[in-house]
Amino acid sequence: MSEISEEQVAHLANLARIALTPEEISSLTTELDQIVDSIAKVQEVATPDVPATSHPVPLSNVFRPDVVGETLTIEQALQNAPEQADNRFKVSAILGEEQ
Amino acid sequence: MAKDALMDYDKALELFEPVLGFEVHVELNTKTKMFSAAPNEFGSAPNTNVSPVCLGLPGSLPVVNEQAVRYAISLGLALGCSIAPSSRFARKNYFYPDLAKNYQISQYDEPIAFDGSVDVEMPDGRIVPISIERAHMEEDAGKLTHVGGSTGRIQGAEYSLVDYNRAGVPLVEIVTNIIYGAEADAPELAKAYVATIRDIVTSLGISDAKMERGNLRCDANISLRPRTAEGEPPAPLGTRTETKNVNSLRSVERAIRYEIQRQAAILADGGTITQETRHWHEDTGRTSAGRPKSDADDYRYFPEPDLLPVEPSLELIEELRSALPEPPAARRRRLKAEWGFTDLEFQDVVNGGLLVEITETVAAGASPAAARKWWTGEISRIANVQGAEASALVSPQNVAALAALVDAGTLTDKLARQVLEGVIAGEGTPQDVVDARGLAVVSDDGALIAAIDDALASQPDVLAKIRDGKVQAAGAVIGAVMKAMKGQADAARVRELVLERAQS
């Protein structure tokens, strides 16, 4: 049973800004579908009293005290910027907005 | 920007019921960022408060700031929320350069606080409970400056410059449940709600809460639904818009009013509302269309694999609960009694959103009456003229210093207003302005007496009248002396001296 459609793969590719050819979309649809099917097997054994796992390490509350540490220099911070101006990262104007 | 058609507000309310919802972002005033030890500091040179985590550099790992978690729990408790025994972070994926990682660390299905309620006091004193859906922790994004184009806005910009100092600053986002029944008071309720949140975070001491700096930001969701005849089922909810960029209490109120009028005009004309974000423009008092938005915004949330769950102990929650300041309504009652304000005076303060300012001004040494007089009077007047927030114009410390100069007799009320203008114009503290502008009251009797003698000599008829006991005639001399002193004299003292000299 196919859970994943080619439309969904194309949509995801678009969201992830990955250019895919129609052939790639087709093959990925098949592969992703198999992955979903495999993972769905877990649901068959999971019962409501099993809490969802988000992390393989059974730890919680790993915190850092609120103490200022090292920062990068402006030169270091901008070292990998493809373009810069006024000590800031220069990016092309994007038709979008802050979230 | 094309002008939107607007329906008359009362007419809009006749036809439609406004339905509201708010998302308020509170920047926490921790020393460091949410997930890195870089400083959380406003106003630093661009890209100087950044660490590899803030830039999402490969190999960098976020670590949760313990203080931010404590603050978030305190805020959740103050909002009457339950605190989740276990909550976790999630990645919200989107491509926009305000975060270098291409995702924001937020919380999704397991927020730290949920199911709360906060009492909001309306301008008429009515208490409206607002139901809180959740309060969750997340990180702020960097700041973009759009360069080029005619407006400096995003449309038409040639490129943008990014400063990541704000990226990673701890935020708590407070989300309300849908608010029905606000009716014509919707704009006032919106303002009162945000003012209440501001009061809460300020009394908790967890945020600087300056709206003009973006420490406290409100996204206002609003939709209209047509009214139905009595006995008929209510109409389904209308399509909502989300207005952003609302940076003052006053704007919250204006933006809601504007959206009600705009949406009503479209709906009455047979049109449909586009589900989208709207940008509030303080200068024009209008909103403009932003990005289309859908309920299922495709952020592909998933649990943040780099972070472990946050599981506050009951002891910690109870410790923080016992340290909570009194709730805003109780605090208001206490302050009103302490300050000795009448109902009307106090409502003025609350409606002006000036509780915090007056509290801090009194703490800085001013009398409650003087603090109230300055904030609700001259400062609010100037704020109105400038279209600014009173709190952004002058600090409580400077207002207290100004009141002290008046109390000490260094300034008359009239001179103090000039000094205030100087302070607002950025000329320094009140004392700086007094010194620079030479505005102090002439308290040297010698200088006053010289001016009085001159005035009396040039008005012998007045002098004769005063000597005849017609004391009210002295007004003309007092006026002349005040003029000669350029207003920098205490009129009562001048009067005393005039009467004294006339008899000599």
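Residues numbered from 1 in each chain as written. Chains lettered and ligands numbered in written order. Predicted model: local features only at pLDDT ≥ 70, side-chain atom pairs only at ≥ 80, totals over all residues.

Asker: Help me out: how do you make sense of the confidence of the model for chain A in this one?
Answerer: If pLDDT is low for a region, its predicted coordinates should not be looked at in detail. Confidence in the prediction of chain A, expressed as mean pLDDT, is 87, and 92% of residues score 70 or more. Considering each helix and strand of chain A separately, the mean pLDDT is smallest for helix H1 (residues 6-15) of chain A, with a value of 89, and largest for strand S1 (residues 63-64) of chain A, with 97. (pLDDT = per-residue confidence, 0-100. Helix = DSSP H or I, 4+ residues; strand = E, 2+ residues; numbered from the N terminus.)

Asker: In this structure, what is going on with helix H4 (residues 249-268) of chain B? I would like to understand it.
Answerer: An α-helical turn contains 3.6 residues, so a residue and the one three or four places further along point in the same direction. Residues and elements named next belong to chain B. Taking 1.5 Å as the rise per residue, H4 with 20 residues should run 28 Å; its terminal C-alpha atoms sit 29 Å apart, in good agreement. Where burial is concerned, most of H4 is hidden: 16 out of the 20 residues are buried. Gly-270 occupies a position one or two residues after H4 and carries a positive phi of about 85°. (Expected span 1.5 Å × (residues − 1). Buried ≥ 20, exposed ≤ 12 C-beta atoms within 10 Å, placed from the backbone.)

Asker: Whenever I open this one, unusual backbone geometry confuses me. Can you help?
Answerer: Among all residues except glycine, the phi angle is most often negative; among peptide bonds, the trans geometry is most common. Here Asn61(A), not a glycine, exhibits a phi torsion of approximately 55°, which is positive. Its place among the elements puts Asn61(A) in the loop between helix H2 (22-45) and S1. A positive phi angle, close to 70°, is found at Asn102(B), a residue other than glycine. Relative to the elements of secondary structure, Asn102(B) occurs in the loop between strand S4 (90-93) and strand S5 (103-106).

Asker: Mind showing me how you'd approach the sheet that holds strand S8 (residues 143-147) of chain B here?
Answerer: Pairing between sheet strands relies on hydrogen bonds along the backbone, with the strands arranged either parallel or antiparallel. Spatially, S2(A)-S3(A)-S9(B)-S8(B) is the arrangement adopted by the four strands of the open sheet, whose pairing is antiparallel. Two strands in the sheet have a free side with no partner beyond their single neighbour: strand S2 (84-85) of chain A together with S8 of chain B. Bridging between S8(B) and strand S9 (residues 159-163) of chain B involves five bridges; their strand directions are antiparallel. Across the sheet, residue His146(B) finds its bridge partner in S9(B), namely Ser160(B). (Pairing = 2+ DSSP bridges.)

Asker: Explain the interface of chain A and chain B to me, please; I cannot follow it from the model alone.
Answerer: One widely used convention gives an interface's size as the accessible area the parts lose upon coming together. Listed per partner, the contact involves 36 residues of chain A and 50 residues of chain B. Elements supplying a minimum of two residues to the side of chain A that touches chain B: S1, helix H3 (74-78) and strand S3 (88-92) of chain A. The greatest single-element share of the side of chain A that touches chain B, amounting to five residues, is contributed by S3(A). Residues belonging to the side of chain A that touches chain B are distributed by class as follows: 17 nonpolar, 10 polar and nine charged. Pairing between S3(A) and S9(B): four bridges, direction antiparallel. Along S9(B), the bridge assignment pairs Val91(A) with Ser160(B). (Contact = placed C-beta atoms within 7 Å. Nonpolar A, V, L, I, M, F, W, Y, C, P; charged D, E, K, R; others polar.)

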